[in-house]
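Structural characterization, general
Single-letter residue listing:
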Amino acid sequence: MPDILFYFSFDSKFYKNSNSYREKIGEFMKHEKIFQKVRRLIDEREVTDENLETARDELFAMVEEDSECDWAYGLLSEINYWFGEYSDDAEDKLAFFDEGAECGKTGVEINADS
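Residues numbered from 1 in each chain as written. Predicted model: local features only at pLDDT ≥ 70, side-chain atom pairs only at ≥ 80, totals over all residues. Heavy atoms only, no water.

This part is about the pattern of salt bridges. Counted under the stated rule, the structure contains five salt bridges. Where Lys37 meets Glu58, a salt bridge forms, and the shortest distance between an N and an O atom there is 2.8 Å. Of the two residues, Lys37 is situated in helix 1 (residues 21-43) and Glu58 in helix 2 (residues 50-65); the sequence distance between them amounts to 21 residues. Look at Glu58 and you get partly exposed, because its relative accessible area is 25%. For Arg39, the salt bridge is made with Asp43, and the minimal N-O distance between the two is 2.9 Å. You can see Arg39 and its partner Asp43 sitting in helix 1, four residues apart, about one turn around the helix. Connected through salt bridges with shared partners, the residues Arg39, Asp43 and Glu78 form a single ionic network. (Salt bridge = Lys/Arg side-chain N within 4 Å of Asp/Glu carboxyl O. Helix = DSSP H or I, 4+ residues; strand = E, 2+ residues; numbered from the N terminus. Buried < 20%, exposed > 50% of the residue type's maximum accessible area, 1.4 Å probe, protein only.)

Structure (structure tokens):
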């Protein structure tokens, strides 16, 4: 049987998956509300200073509950990028960028396709 590709969307972002479609759909559906909330907070990071911190706190709480949620680590990586980008202190920038890289590595260790 050929490998069938499925596309599904959350917040105008498209995700492609094949063999683990049902597993991935279940993961997104299980955490869809958190994903939507956090994605919105990141996208609106310049509306208020607290948005990135709120998004980070939501994701920290979620990975405590579900440490195998690969996309959460990807979003944590993005949040650390923005914290570093907005930081005025060079050491803080590097610390945020390093933490972001570690979050990204964790996500890829959980799911190499993430």
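Once that is clear, we can look at the packing of helix 2 against helix 3 (residues 70-86). The geometry of helix 2 relative to helix 3 is characterised by a closest axis approach of 10 Å and an angle of 150° between their N-to-C directions. Taken together, the axes of helix 2 and helix 3 are roughly antiparallel relative to one another. As for the relative orientation of helix 2 and helix 3, their crossing is left-handed in sense. Within the contact between the two elements, helix 2 uses Leu52, Glu53, Ala55, Arg56, Leu59, Phe60, Met62 and Val63 and helix 3 uses Trp71, Ala72, Tyr73, Leu75, Leu76, Ile79, Trp82, Phe83 and Tyr86. Across the contact of helix 2 with helix 3, the residue classes tally to 15 nonpolar, no polar and two charged. (Axes fitted to C-alpha atoms, helices over the stretch in contact; angles between N-to-C directions. Parallel < 35°, antiparallel > 145°, perpendicular 65-115°, else oblique. Left-handed = near helix turned anticlockwise from the far one by under 90°. Contact = heavy atoms within 4.5 Å. Nonpolar A, V, L, I, M, F, W, Y, C, P; charged D, E, K, R; others polar.)

Quick look at the nonpolar core now. Of all hydrophobic cores here, the largest spans 19 residues; its most connected members are Ile42, Leu59, Trp71, Ala72, Leu75 and Ile79. At eight residues, helix 3 tops the list of elements feeding residues into this core. (Core = buried A, V, L, I, M, F, W, Y, C linked by side-chain atoms within 4.5 Å.)

The quantities given are spatial measurements derived from coordinates; they are silent on function.
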